[in-house]
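If you want the building blocks of each chain, they are given just below.
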Amino acid sequence: MATGVGASPAASQRACSSSPSGSEGVVRRCSGEFACPFQRKEHLKLFVSRKAFDIDGLGDKQIDYFHDLPEDDPLRIRAPADIFTLRARDDAAELTALKNRDGYGEVSARNLFDAIEARRTIPLERLIFGLGIRHVGETTARTLARAYGSWAEFDAAARRIAAGDEGAREDMDAIEDIGGAVVDAVARYFGEDHNLQMVGDLVGQLTVEDAERPATESPFAGKTIVFTGSLERMSRDEAKAMADRLGAKASGSVSSKTDLVVAGPGAGSKLKKATELGIEVIDEDEWFNRTEGL
């Protein structure tokens, strides 16, 4: 099975492609996800990325290092759960402890372990995104998290779908912005024993926070909002999260369906289009005034 959006480069897909006889030909995707040797490292990089677990000090280069360690190395990382057992394994490593290795020292090793520990509690949407399910990007992960509310509910629904439960499938397909491609991908992912083992090991290391339900009585509920220009009081991700929490949809483009534009310094073509369409435009300070107390 393929990796999640942005998680599987063309090289990995080519390496995993073969005909039933093993010769090059019709593309067949690896079905093992993290069990696939050609995709495992890319899955891990997605898992620690900024929009997933966002572990400080554990980026692409560090994943390359820990993943490629010899099979008998106590600090080798081959699955997400290995990240959260790294400190315990390091404590038993003695001379091969991380602080004694090139590029690390006592302080940098401790900082890495502390950064990993800080991610043991994780929002549901980040966990779902970090699993690397095909077609489940950041926005889709957030939608699924809010629809099911908790990891237990999402996990149970995904397993039922994988087992062929038509009712569970219809329920997921009925979620706004979730289509058949996503449902099929969830079914394939949770239908693989390799993935179920990986997920079980991982969740056993975590505290997964329930999804925050979007406000339904907010004056912004159901509205489409565009943030443009340089935002000075919040990052673009924070702005999107704030709109989501208020029941609004943050869009990247201005159209006739846009209800409000929040424009910071340097706003250009989007501000011009909003003005032409007669869409209300406010600045960042006014946005905070209107959302205060919500």
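Not measured: the values here are computed from a predicted model.

Chemist: Explain the packing of helix H2 (residues 40-47) against helix H3 (residues 60-67) to me, using residue names and the numbers behind them.
Modeler: Look at H2 against H3: their axes get within 10 Å of each other, and the N-to-C directions meet at 140°. When the axis of H2 is compared with that of H3, the two are oblique. In the packing of H2 onto H3, the handedness of the crossing is right-handed. Counting all contacts with H2, which are made through Arg 40, Lys 41, Leu 44 and Lys 45, the residues of H3 involved are Asp 60, Ile 63, Asp 64 and His 67.

Chemist: Can you lay out the side chain of Thr 291 for me, pointing to particular residues and giving the numbers?
Modeler: Inspection of the secondary structure assignment puts Thr 291 in helix H15 (residues 284-291). On the accessibility criterion, Thr 291 (4% relative accessible area) is buried. Engagement of the side chain of Thr 291 in a polar contact is seen with the backbone oxygen of Trp 287, the distance being 2.9 Å.

Chemist: Before we move on, can you summarise the packing of helix H9 (residues 151-162) against helix H10 (residues 166-173) with the specific residues and values?
Modeler: The contact between H9 and H10 brings their axes to 7 Å, and the two run at 120°. Here H10 runs oblique to H9, going by the angle between their axes. Between H9 and H10 the crossing geometry is left-handed. Where H9 approaches H10, its residues Phe 154, Ala 157, Arg 160 and Ile 161 are matched on the opposing element by Ala 168, Arg 169 and Met 172.

Chemist: Summarise the nonpolar core; cite the residues concerned and give the values.
Modeler: By size, the foremost hydrophobic cluster in this structure holds 58 residues, and its most contacted members are Phe 66, Leu 127, Leu 131, Leu 144, Trp 151 and Met 172. Residue contributions to this core peak at seven residues, all from helix H11 (residues 180-190). Aside from chain neighbours lying at most four places away, what touches Met 172 is Leu 144, Tyr 148, Phe 154, Ile 161, Ile 178, Val 183 and Val 186. Among the nonpolar cores identified, the runner-up in size contains 15 residues, and Phe 220, Met 242, Val 262 and Phe 288 belong to it.

Chemist: Go over the environment of Arg 169, please, and point to the residues and values.
Modeler: Within the fold, Arg 169 resides in helix H10. Taking the relative accessible area as the measure of exposure, Arg 169 reaches 24% and is therefore partly exposed. Linking Arg 169 and Val 183, residues 14 residues apart in sequence, is a C-alpha distance of 6.8 Å. Those residues in contact with Arg 169 that lie beyond four places of it in its chain are Ile 161, Gly 180, Val 183 and Asp 184.

Chemist: Can you lay out the sheet that holds strand E3 (residues 224-228) for me, pointing to particular residues and giving the numbers?
Modeler: Here four strands make up an open sheet; going across it, the order is E4-E3-E5-E6 and the pairing parallel. The open sheet is flanked by strand E4 (249-251) and strand E6 (280-282), the only strands paired with a single partner. For this sheet, the mean inter-axis angle between neighbouring strands, taken without regard to orientation, is 30°. Note that E3 and strand E5 (residues 260-263) share four bridges and pair parallel. Across the sheet, Val 226 pairs through a bridge with Val 261, a residue of E5.

Chemist: Any chance you could break down the pattern of salt bridges for me, citing the residues and the numbers?
Modeler: When charged atoms on two side chains of opposite charge get close, those side chains can pair. Under the counting rule described, the total for this entry stands at 18 salt bridges. A salt bridge links Lys 41 to Asp 64, with the nearest nitrogen and oxygen atoms 3.5 Å apart. Of this pair, Lys 41 sits in helix H2 while Asp 64 sits in helix H3; the two residues are 23 residues apart in sequence, bridging distant segments of the chain. A relative accessible area of 24% means that Asp 64 is categorised as partly exposed. Sharing partners across several salt bridges, the network here consists of Lys 41, Glu 42, Lys 45, Asp 64 and Asp 68.

Chemist: Can you lay out the packing of aromatic side chains for me, pointing to particular residues and giving the numbers?
Modeler: Aromatic ring pairs are reported here in terms of the distance separating the ring centres and the angle at which the planes meet. A complete count under the given rule lists ten aromatic pairs for this structure. Ring geometry for Phe 66 and Tyr 104: centres 6.4 Å apart, planes at 50°, overall tilted. With Phe 66 in helix H3 and Tyr 104 in the loop between helix H5 (86-91) and helix H6 (106-117), this residue pair connects regions lying 38 residues apart in the sequence. One exposure class covers both Phe 66 and Tyr 104, and it is buried. Ring geometry for Phe 227 and Trp 287: centres 5.3 Å apart, planes at 90°, overall edge-to-face. Of this pair, Phe 227 sits in strand E3 while Trp 287 sits in helix H15, and the two are 60 residues apart along the sequence. In this structure Phe 227 comes out as buried when scored by relative accessible area, which is 4%. Connected via pairs of aromatic rings, a cluster forms that spans Tyr 148, Trp 151, Phe 154, Tyr 189 and Phe 190. Lying across the ring of Phe 288, Arg 233 places its NZ or CZ 4.1 Å from the centre.

So, how was this worked out
- Residues numbered from 1 in each chain as written.
- Predicted model: local features only at pLDDT ≥ 70, side-chain atom pairs only at ≥ 80, totals over all residues.
- Heavy atoms only, no water.
- Axes fitted to C-alpha atoms, helices over the stretch in contact; angles between N-to-C directions.
- Helix = DSSP H or I, 4+ residues; strand = E, 2+ residues; numbered from the N terminus.
- Parallel < 35°, antiparallel > 145°, perpendicular 65-115°, else oblique.
- Left-handed = near helix turned anticlockwise from the far one by under 90°.
- Contact = heavy atoms within 4.5 Å.
- Buried < 20%, exposed > 50% of the residue type's maximum accessible area, 1.4 Å probe, protein only.
- Polar contact = N/O pair within 3.5 Å; in protein donor to acceptor, adjacent residues only side chain to side chain.
- Core = buried A, V, L, I, M, F, W, Y, C linked by side-chain atoms within 4.5 Å.
- Pairing = 2+ DSSP bridges.
- Salt bridge = Lys/Arg side-chain N within 4 Å of Asp/Glu carboxyl O.
- Phe/Tyr/Trp six-rings, centres within 6.5 Å; stacked < 30°, edge-to-face > 60°.
- Lys NZ or Arg CZ within 6 Å of the ring centre and 35° of its normal.

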